[in-house]
Amino acid sequence: MPIMIGPPHYEQMLHPVIKKNYGKWLYHEHVKPGVIKHVSETGDEVYTVRAAIPKIISVDFVRMLCDIADRYSDGYVKFTSRHAVEFIITDKNKIDPLIKELESKGMPVGGTGKSYKPIVHTIGWNHCHTAVIDAPGLAKAISDGLFEYFKRNDLPAKLKIAIACCLNMCGAVHCSDIAIVGMHRKPPVVDDEIVAKFCEIPTTVASCPTLAIKPKVLPDGKRSVEINPERCMYCGNCYTVCPGLNIINPKYDCLSLWVGGKVPNARSPPMYSRLVIPYLPNNPPRWPETVEAIKKIVKAWIENAREDERIGEWIERIGWEKFFKITGIPFTDKHIDDFIFSIRDFRTTTQFKF
Ligand code: SF4
Ligand code: SF4
(Lines give C-alpha, C1' and ligand atoms only; values in the text may rest on other atoms or scores of the structure.)
(Ligands and ions follow the chains in the order given, each with its own letter.)
Protein backbone atom coordinates (compact mmCIF):
# COMPACT_ATOMS: atom_id res chain seq x y z
CA MET A 1 0.00 0.00 0.00
CA PRO A 2 1.28 3.54 -0.71
CA ILE A 3 1.75 5.79 2.30
CA MET A 4 -1.61 7.46 2.97
CA ILE A 5 -1.46 11.08 3.97
CA GLY A 6 -4.93 12.10 2.84
CA PRO A 7 -8.34 10.59 3.54
CA PRO A 8 -8.82 6.81 3.15
CA HIS A 9 -8.98 5.52 -0.42
CA TYR A 10 -12.58 4.90 -1.53
CA GLU A 11 -11.54 1.49 -2.86
CA GLN A 12 -11.46 0.21 0.71
CA MET A 13 -15.17 0.93 0.99
CA LEU A 14 -16.53 -0.24 -2.36
CA HIS A 15 -19.50 -2.54 -2.61
CA PRO A 16 -18.14 -5.97 -3.73
CA VAL A 17 -20.23 -5.98 -6.93
CA ILE A 18 -19.00 -2.50 -7.83
CA LYS A 19 -15.42 -3.62 -7.15
CA LYS A 20 -15.82 -6.76 -9.24
CA ASN A 21 -17.18 -4.77 -12.20
CA TYR A 22 -14.84 -1.80 -11.92
CA GLY A 23 -14.41 -0.32 -15.42
CA LYS A 24 -16.73 -2.90 -16.96
CA TRP A 25 -20.04 -1.08 -16.82
CA LEU A 26 -21.83 -1.07 -20.17
CA TYR A 27 -24.75 1.29 -19.64
CA HIS A 28 -27.32 2.57 -17.18
CA GLU A 29 -31.01 3.25 -17.53
CA HIS A 30 -33.62 5.21 -15.64
CA VAL A 31 -36.04 2.74 -14.03
CA LYS A 32 -38.32 5.22 -12.28
CA PRO A 33 -37.86 8.49 -10.34
CA GLY A 34 -34.95 8.00 -7.95
CA VAL A 35 -33.90 4.58 -9.30
CA ILE A 36 -31.13 3.91 -11.85
CA LYS A 37 -30.17 0.48 -13.17
CA HIS A 38 -26.50 -0.18 -14.07
CA VAL A 39 -25.56 -3.16 -16.26
CA SER A 40 -22.07 -4.63 -16.53
CA GLU A 41 -20.49 -6.62 -19.35
CA THR A 42 -20.17 -9.49 -16.88
CA GLY A 43 -23.97 -9.65 -16.71
CA ASP A 44 -24.13 -8.17 -13.20
CA GLU A 45 -26.75 -5.55 -12.48
CA VAL A 46 -27.07 -3.09 -9.61
CA TYR A 47 -29.67 -0.45 -8.79
CA THR A 48 -28.99 2.97 -7.33
CA VAL A 49 -31.73 4.43 -5.14
CA ARG A 50 -31.30 8.18 -4.54
CA ALA A 51 -32.94 10.16 -1.75
CA ALA A 52 -32.82 13.83 -0.81
CA ILE A 53 -31.34 14.66 2.59
CA PRO A 54 -30.05 17.86 4.17
CA LYS A 55 -26.36 18.71 3.79
CA ILE A 56 -26.00 19.22 7.53
CA ILE A 57 -26.84 16.03 9.43
CA SER A 58 -26.49 14.68 12.95
CA VAL A 59 -24.84 11.52 14.22
CA ASP A 60 -28.31 10.07 14.87
CA PHE A 61 -29.23 10.73 11.27
CA VAL A 62 -26.01 9.10 10.03
CA ARG A 63 -26.73 6.08 12.25
CA MET A 64 -30.20 5.82 10.73
CA LEU A 65 -28.69 5.88 7.21
CA CYS A 66 -26.18 3.18 8.25
CA ASP A 67 -28.96 1.02 9.66
CA ILE A 68 -30.87 1.34 6.38
CA ALA A 69 -27.71 0.56 4.40
CA ASP A 70 -27.10 -2.55 6.54
CA ARG A 71 -30.55 -3.89 5.81
CA TYR A 72 -30.89 -2.98 2.13
CA SER A 73 -27.50 -2.35 0.50
CA ASP A 74 -25.07 -4.71 2.24
CA GLY A 75 -23.70 -1.96 4.49
CA TYR A 76 -22.63 0.43 1.74
CA VAL A 77 -23.80 4.02 1.27
CA LYS A 78 -22.79 6.94 -0.94
CA PHE A 79 -23.21 10.71 -0.79
CA THR A 80 -23.48 12.69 -4.03
CA SER A 81 -22.02 16.10 -4.86
CA ARG A 82 -25.59 17.46 -4.72
CA HIS A 83 -25.98 16.40 -1.10
CA ALA A 84 -28.17 13.37 -1.84
CA VAL A 85 -27.69 9.90 -0.37
CA GLU A 86 -27.55 6.79 -2.57
CA PHE A 87 -27.95 3.12 -1.75
CA ILE A 88 -26.66 0.45 -4.17
CA ILE A 89 -29.04 -2.51 -4.31
CA THR A 90 -28.20 -5.87 -5.84
CA ASP A 91 -31.57 -7.48 -5.08
CA LYS A 92 -34.22 -5.58 -7.05
CA ASN A 93 -36.96 -6.93 -4.77
CA LYS A 94 -35.58 -4.61 -2.10
CA ILE A 95 -36.08 -1.43 -4.14
CA ASP A 96 -39.72 -0.72 -3.30
CA PRO A 97 -39.43 -1.58 0.43
CA LEU A 98 -36.35 0.68 0.60
CA ILE A 99 -38.20 3.56 -1.09
CA LYS A 100 -41.09 3.06 1.32
CA GLU A 101 -38.81 3.16 4.35
CA LEU A 102 -36.83 6.19 3.14
CA GLU A 103 -40.00 8.16 2.43
CA SER A 104 -41.58 7.15 5.73
CA LYS A 105 -38.49 8.64 7.42
CA GLY A 106 -38.81 11.94 5.53
CA MET A 107 -36.27 11.30 2.75
CA PRO A 108 -38.05 11.63 -0.60
CA VAL A 109 -36.72 9.40 -3.37
CA GLY A 110 -36.22 11.08 -6.76
CA GLY A 111 -33.87 13.53 -8.43
CA THR A 112 -32.73 11.22 -11.23
CA GLY A 113 -33.16 11.62 -15.01
CA LYS A 114 -34.98 14.70 -16.30
CA SER A 115 -36.00 16.00 -12.91
CA TYR A 116 -35.22 18.71 -10.42
CA LYS A 117 -32.04 17.66 -8.56
CA PRO A 118 -31.11 18.41 -4.95
CA ILE A 119 -29.54 21.86 -4.57
CA VAL A 120 -25.80 22.49 -4.20
CA HIS A 121 -25.37 25.20 -1.60
CA THR A 122 -22.92 26.90 0.71
CA ILE A 123 -22.97 27.10 4.49
CA GLY A 124 -24.56 30.51 5.11
CA TRP A 125 -25.15 31.87 8.57
CA ASN A 126 -24.24 28.51 10.11
CA HIS A 127 -20.58 29.39 10.27
CA CYS A 128 -19.50 31.88 7.63
CA HIS A 129 -18.92 35.48 8.65
CA THR A 130 -19.56 37.01 5.19
CA ALA A 131 -22.85 35.22 4.45
CA VAL A 132 -25.75 37.31 3.16
CA ILE A 133 -28.21 34.43 3.40
CA ASP A 134 -28.86 31.21 5.24
CA ALA A 135 -28.07 29.11 2.16
CA PRO A 136 -29.25 25.76 3.63
CA GLY A 137 -32.53 27.38 4.74
CA LEU A 138 -33.08 28.89 1.30
CA ALA A 139 -32.27 25.52 -0.28
CA LYS A 140 -35.01 23.94 1.82
CA ALA A 141 -37.53 26.67 0.85
CA ILE A 142 -36.73 26.28 -2.88
CA SER A 143 -36.81 22.48 -2.65
CA ASP A 144 -40.27 22.63 -1.12
CA GLY A 145 -41.39 25.06 -3.85
CA LEU A 146 -40.09 22.83 -6.67
CA PHE A 147 -40.93 19.49 -5.06
CA GLU A 148 -43.47 18.62 -7.78
CA TYR A 149 -40.53 18.37 -10.24
CA PHE A 150 -38.39 16.10 -8.03
CA LYS A 151 -40.19 12.79 -8.46
CA ARG A 152 -40.54 12.67 -12.24
CA ASN A 153 -38.60 12.21 -15.45
CA ASP A 154 -40.50 14.35 -17.92
CA LEU A 155 -38.94 17.81 -17.64
CA PRO A 156 -37.28 19.04 -20.87
CA ALA A 157 -33.90 18.16 -19.30
CA LYS A 158 -32.30 17.96 -15.87
CA LEU A 159 -32.70 21.01 -13.64
CA LYS A 160 -29.80 21.97 -11.38
CA ILE A 161 -29.86 24.82 -8.89
CA ALA A 162 -27.03 26.21 -6.77
CA ILE A 163 -26.77 28.80 -4.01
CA ALA A 164 -23.81 30.89 -2.89
CA CYS A 165 -24.35 33.04 0.17
CA CYS A 166 -21.91 35.73 -1.00
CA LEU A 167 -19.89 36.82 -4.01
CA ASN A 168 -17.06 34.43 -3.12
CA MET A 169 -19.31 31.78 -4.65
CA CYS A 170 -18.01 28.74 -2.78
CA GLY A 171 -21.01 26.98 -4.35
CA ALA A 172 -19.64 27.23 -7.93
CA VAL A 173 -22.98 28.65 -8.94
CA HIS A 174 -21.90 29.91 -12.36
CA CYS A 175 -22.43 26.45 -13.92
CA SER A 176 -25.95 25.62 -12.71
CA ASP A 177 -29.24 26.14 -14.57
CA ILE A 178 -30.43 28.55 -11.90
CA ALA A 179 -28.19 30.23 -9.35
CA ILE A 180 -28.85 32.42 -6.35
CA VAL A 181 -26.04 34.66 -5.12
CA GLY A 182 -26.21 36.61 -1.87
CA MET A 183 -25.08 40.16 -2.58
CA HIS A 184 -23.59 42.82 -0.32
CA ARG A 185 -24.33 46.25 -1.76
CA LYS A 186 -22.29 48.61 0.41
CA PRO A 187 -18.53 48.75 1.10
CA PRO A 188 -17.33 47.47 4.49
CA VAL A 189 -17.65 49.94 7.37
CA VAL A 190 -14.19 50.68 8.79
CA ASP A 191 -13.97 50.54 12.59
CA ASP A 192 -10.64 52.29 13.19
CA GLU A 193 -10.34 51.04 16.76
CA ILE A 194 -10.74 47.36 15.82
CA VAL A 195 -8.50 47.71 12.76
CA ALA A 196 -5.75 49.35 14.85
CA LYS A 197 -5.99 46.70 17.58
CA PHE A 198 -6.50 43.46 15.64
CA CYS A 199 -5.55 43.82 11.96
CA GLU A 200 -2.24 43.59 10.20
CA ILE A 201 -2.35 46.53 7.77
CA PRO A 202 -0.25 45.09 4.85
CA THR A 203 -2.30 41.85 4.88
CA THR A 204 -5.54 43.80 4.96
CA VAL A 205 -4.48 46.01 2.06
CA ALA A 206 -3.27 42.98 0.08
CA SER A 207 -6.53 41.12 0.63
CA CYS A 208 -8.44 43.41 -1.73
CA PRO A 209 -8.65 42.11 -5.31
CA THR A 210 -9.48 45.56 -6.71
CA LEU A 211 -6.87 47.59 -4.78
CA ALA A 212 -9.63 49.53 -3.02
CA ILE A 213 -7.89 49.60 0.38
CA LYS A 214 -5.06 51.89 1.39
CA PRO A 215 -3.37 52.47 4.76
CA LYS A 216 -4.06 55.58 6.82
CA VAL A 217 -2.58 57.02 10.01
CA LEU A 218 -5.02 58.08 12.72
CA PRO A 219 -4.55 61.40 14.61
CA ASP A 220 -3.20 59.49 17.62
CA GLY A 221 -0.58 57.81 15.43
CA LYS A 222 -2.27 54.42 15.30
CA ARG A 223 -2.70 52.71 11.93
CA SER A 224 -5.94 51.91 10.13
CA VAL A 225 -7.17 51.73 6.51
CA GLU A 226 -9.57 53.56 4.23
CA ILE A 227 -11.67 52.12 1.42
CA ASN A 228 -12.26 53.66 -1.99
CA PRO A 229 -15.99 52.98 -2.51
CA GLU A 230 -15.67 53.44 -6.29
CA ARG A 231 -13.33 50.47 -6.48
CA CYS A 232 -14.96 48.22 -3.90
CA MET A 233 -16.98 45.33 -5.32
CA TYR A 234 -18.37 44.25 -1.93
CA CYS A 235 -16.71 40.83 -1.97
CA GLY A 236 -15.89 40.75 1.73
CA ASN A 237 -12.35 39.38 1.29
CA CYS A 238 -10.99 42.12 3.57
CA TYR A 239 -13.51 41.25 6.31
CA THR A 240 -12.08 37.73 6.30
CA VAL A 241 -8.63 38.99 7.28
CA CYS A 242 -9.70 41.98 9.39
CA PRO A 243 -12.72 41.99 11.74
CA GLY A 244 -12.69 45.80 11.72
CA LEU A 245 -14.12 45.89 8.16
CA ASN A 246 -17.65 44.62 8.65
CA ILE A 247 -19.47 44.10 5.36
CA ILE A 248 -22.73 42.71 6.76
CA ASN A 249 -25.50 45.24 6.18
CA PRO A 250 -29.00 43.77 6.67
CA LYS A 251 -30.65 46.91 5.27
CA TYR A 252 -28.94 46.64 1.87
CA ASP A 253 -27.86 43.00 1.49
CA CYS A 254 -29.98 41.14 -1.08
CA LEU A 255 -30.27 38.10 -3.33
CA SER A 256 -29.65 38.02 -7.08
CA LEU A 257 -30.81 35.41 -9.56
CA TRP A 258 -28.72 34.04 -12.42
CA VAL A 259 -29.71 31.51 -15.09
CA GLY A 260 -28.31 29.46 -17.95
CA GLY A 261 -25.20 27.78 -16.52
CA LYS A 262 -24.18 24.23 -17.31
CA VAL A 263 -21.04 22.17 -16.71
CA PRO A 264 -19.42 20.85 -19.88
CA ASN A 265 -19.84 17.27 -21.02
CA ALA A 266 -18.66 15.15 -23.93
CA ARG A 267 -21.14 16.86 -26.24
CA SER A 268 -21.05 20.53 -25.28
CA PRO A 269 -18.80 23.22 -23.76
CA PRO A 270 -19.55 24.91 -20.41
CA MET A 271 -22.18 27.61 -20.22
CA TYR A 272 -21.99 30.36 -17.61
CA SER A 273 -25.04 31.76 -15.89
CA ARG A 274 -26.14 35.35 -16.53
CA LEU A 275 -27.84 37.84 -14.27
CA VAL A 276 -31.62 37.97 -14.69
CA ILE A 277 -32.88 39.46 -11.41
CA PRO A 278 -30.42 41.84 -9.73
CA TYR A 279 -32.40 42.38 -6.53
CA LEU A 280 -34.61 40.10 -4.50
CA PRO A 281 -35.28 40.89 -0.83
CA ASN A 282 -33.40 38.88 1.76
CA ASN A 283 -36.54 37.59 3.40
CA PRO A 284 -35.91 34.61 5.75
CA PRO A 285 -37.04 32.11 6.81
CA ARG A 286 -38.80 31.17 3.53
CA TRP A 287 -37.74 33.81 0.95
CA PRO A 288 -41.14 33.74 -0.82
CA GLU A 289 -40.14 36.29 -3.51
CA THR A 290 -37.10 34.23 -4.53
CA VAL A 291 -39.01 30.93 -4.55
CA GLU A 292 -41.77 32.48 -6.69
CA ALA A 293 -39.27 33.97 -9.15
CA ILE A 294 -37.58 30.56 -9.58
CA LYS A 295 -40.92 28.80 -10.04
CA LYS A 296 -41.86 31.31 -12.74
CA ILE A 297 -38.64 30.70 -14.68
CA VAL A 298 -38.93 26.90 -14.35
CA LYS A 299 -42.56 26.98 -15.53
CA ALA A 300 -41.66 29.11 -18.57
CA TRP A 301 -38.81 26.71 -19.41
CA ILE A 302 -41.02 23.60 -19.10
CA GLU A 303 -43.71 25.15 -21.29
CA ASN A 304 -41.38 26.42 -24.00
CA ALA A 305 -38.19 24.32 -24.16
CA ARG A 306 -37.59 21.49 -26.61
CA GLU A 307 -36.71 18.02 -25.43
CA ASP A 308 -33.21 17.82 -23.90
CA GLU A 309 -32.80 21.61 -23.76
CA ARG A 310 -31.28 22.80 -20.49
CA ILE A 311 -32.36 26.30 -19.44
CA GLY A 312 -29.26 27.95 -20.96
CA GLU A 313 -29.66 26.07 -24.23
CA TRP A 314 -33.31 27.08 -24.40
CA ILE A 315 -32.40 30.75 -23.87
CA GLU A 316 -29.61 30.52 -26.42
CA ARG A 317 -32.11 29.28 -29.01
CA ILE A 318 -34.86 31.82 -28.35
CA GLY A 319 -32.62 34.78 -27.38
CA TRP A 320 -32.45 36.75 -24.14
CA GLU A 321 -34.98 39.32 -25.31
CA LYS A 322 -37.62 36.63 -25.68
CA PHE A 323 -36.62 35.07 -22.36
CA PHE A 324 -37.34 38.33 -20.53
CA LYS A 325 -40.62 38.67 -22.45
CA ILE A 326 -41.82 35.11 -21.74
CA THR A 327 -40.91 35.18 -18.05
CA GLY A 328 -42.15 38.74 -17.50
CA ILE A 329 -38.88 39.63 -15.72
CA PRO A 330 -38.06 43.32 -16.28
CA PHE A 331 -34.88 44.07 -18.24
CA THR A 332 -33.01 46.91 -16.50
CA ASP A 333 -29.76 48.85 -16.78
CA LYS A 334 -28.31 46.43 -14.20
CA HIS A 335 -28.22 43.78 -16.92
CA ILE A 336 -25.85 45.83 -19.06
CA ASP A 337 -22.22 45.15 -18.28
CA ASP A 338 -20.02 48.26 -18.31
CA PHE A 339 -16.70 46.33 -18.28
CA ILE A 340 -14.99 49.17 -16.37
CA PHE A 341 -12.68 46.80 -14.51
CA SER A 342 -12.92 43.86 -16.87
CA ILE A 343 -9.18 43.59 -17.43
CA ARG A 344 -8.52 42.90 -13.76
CA ASP A 345 -11.67 41.20 -12.64
CA PHE A 346 -15.02 40.70 -14.32
CA ARG A 347 -16.71 40.69 -10.95
CA THR A 348 -16.40 44.48 -10.70
CA THR A 349 -19.09 45.15 -13.28
CA THR A 350 -22.46 46.82 -12.97
CA GLN A 351 -23.85 43.38 -12.40
CA PHE A 352 -22.34 43.24 -8.95
CA LYS A 353 -22.36 46.97 -8.17
CA PHE A 354 -25.62 48.79 -7.79
FE1 SF4 B 1 -18.95 32.19 3.13
FE2 SF4 B 1 -19.36 33.49 0.83
FE3 SF4 B 1 -18.58 30.96 0.80
FE4 SF4 B 1 -21.03 31.60 1.62
S5 SF4 B 1 -20.20 31.84 -0.47
S6 SF4 B 1 -19.66 30.13 2.60
S7 SF4 B 1 -20.65 33.55 2.67
S8 SF4 B 1 -17.40 32.72 1.58
FE1 SF4 C 1 -11.81 45.21 -1.46
FE2 SF4 C 1 -13.70 43.36 -1.38
FE3 SF4 C 1 -13.04 44.70 0.84
FE4 SF4 C 1 -14.33 45.92 -1.13
S5 SF4 C 1 -15.11 44.25 0.12
S6 SF4 C 1 -12.60 46.70 -0.01
S7 SF4 C 1 -13.45 44.93 -2.94
S8 SF4 C 1 -11.74 43.30 -0.33
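Residues numbered from 1 in each chain as written. Chains lettered and ligands numbered in written order. Predicted model: local features only at pLDDT ≥ 70, side-chain atom pairs only at ≥ 80, totals over all residues. Heavy atoms only, no water.

1. Remarks on the site of ligand 2
- In the vicinity of ligand 2 there are 14 residues, among which Cys208, Cys232, Cys235, Gly236 and Cys238 approach most closely.
- Of all the cavities here, the one that holds ligand 2 is the largest cavity.
- Looking at side-chain class alone, the shell around ligand 2 contains 11 nonpolar, 3 polar and no charged residues. (Near = heavy atom within 4 Å. 1 Å grid on protein atoms, 1.4 Å probe; cavity = no way out; pocket = protein on both sides within 12 Å on 5 of 7 lines; lining within 4 Å. Sits in = over half its atoms within 2 Å of the grid points. Nonpolar A, V, L, I, M, F, W, Y, C, P; charged D, E, K, R; others polar.)

2. Some details on the packing of aromatic side chains
- Under the counting rule described, the total for this entry stands at 6 aromatic pairs.
- Here the aromatic rings of Trp314 and Phe323 are separated by 5.9 Å at their centres, their planes lie at 75°, and the arrangement is edge-to-face.
- Aromatic pair Phe324 and Phe331: ring centres 5.2 Å apart, planes at 85°, arrangement edge-to-face.
- Judged by its relative accessible area of 9%, Phe324 falls in the buried class.
- Chaining the aromatic ring pairs together yields one cluster made of Trp314, Trp320, Phe323, Phe324 and Phe331.
- Above the ring of Tyr252, the side-chain terminus of Lys186 is found at 4.5 Å from the ring centroid. (Phe/Tyr/Trp six-rings, centres within 6.5 Å; stacked < 30°, edge-to-face > 60°. Buried < 20%, exposed > 50% of the residue type's maximum accessible area, 1.4 Å probe, protein only. Lys NZ or Arg CZ within 6 Å of the ring centre and 35° of its normal.)

3. Observations regarding the site of ligand 1
- Every residue close to ligand 1 is listed here: Thr122, Ile123, Cys128, Thr130, Ala131, Cys165, Cys166, Asn168, Met169 and Cys170.
- Counted by class, the shell around ligand 1 contains 7 nonpolar, 3 polar and no charged residues.

4. A closer look at the pattern of salt bridges
- Applying the stated criterion across every chain yields a total of 24 salt bridges.
- Among the ionic pairs, Arg152 bridges to Asp154, the shortest N-O distance being 2.6 Å.
- When its relative accessible area of 23% is taken as the criterion, Arg152 is described as partly exposed.
- What makes Asp154 exposed here is its relative accessible area of 52%.
- With a shortest N-O distance of 3.2 Å, Glu303 and Lys299 are connected by a salt bridge. Here Glu303 and its partner Lys299 are both found in helix H8 (residues 288-304), 4 residues apart, which amounts to about one turn of the helix.
- Glu303 sits in the exposed class, given a relative accessible area of 56%. (Salt bridge = Lys/Arg side-chain N within 4 Å of Asp/Glu carboxyl O. Helix = DSSP H or I, 4+ residues; strand = E, 2+ residues; numbered from the N terminus.)

5. Observations regarding the domain arrangement of the chain
- We note that the domain assignment places domain 1 (10-104), domain 2 (120-185 + 250-345) and domain 3 (189-246) within the chain.
- Between the C-alpha centres of domain 1 and domain 2 there is a distance of 29 Å.
- Each partner contributes residues to the interface: domain 1 has 9 residues there, and domain 2 has 13 residues.
- Where domain 1 abuts domain 2, roughly 870 Å² becomes buried across the two surfaces, and 58% of that area is made up of carbon and sulfur atoms.
- Among the residues of domain 1 in contact with domain 2, Lys55, Ile56 and Arg82 are the three that bury the most area, contributing 52% of the side total.
- Where domain 1 meets domain 2, there are 1 salt bridge.
- Scanning the region where domain 1 abuts domain 2 turns up 5 residue pairs in polar contact (both at pLDDT 80 or more). (Domains from an automatic or database assignment. Contact = heavy atoms within 4.5 Å. Buried area = accessible area lost by both parts, 1.4 Å probe. Polar contact = N/O pair within 3.5 Å; in protein donor to acceptor, adjacent residues only side chain to side chain.)

6. Section: the state of the cysteines
- Considering all chains together, one arrives at 1 disulfide under this definition.
- In this model, Cys199 is linked to Cys242 through a disulfide, with the two sulfur atoms separated by 2.1 Å. Note on the Cys199 and Cys242 pair: the S-S dihedral is about 80°, so by sign convention the disulfide is right-handed. One end of the pair, Cys199, is in the loop between helix H5 (192-198) and helix H6 (201-206); the other, Cys242, is in the loop between helix H7 (237-241) and strand E12 (245-246), with 43 residues separating them in the sequence. Here Cys199 matches Cys242 in class, with each residue buried. (Disulfide = S-S within 2.5 Å.)

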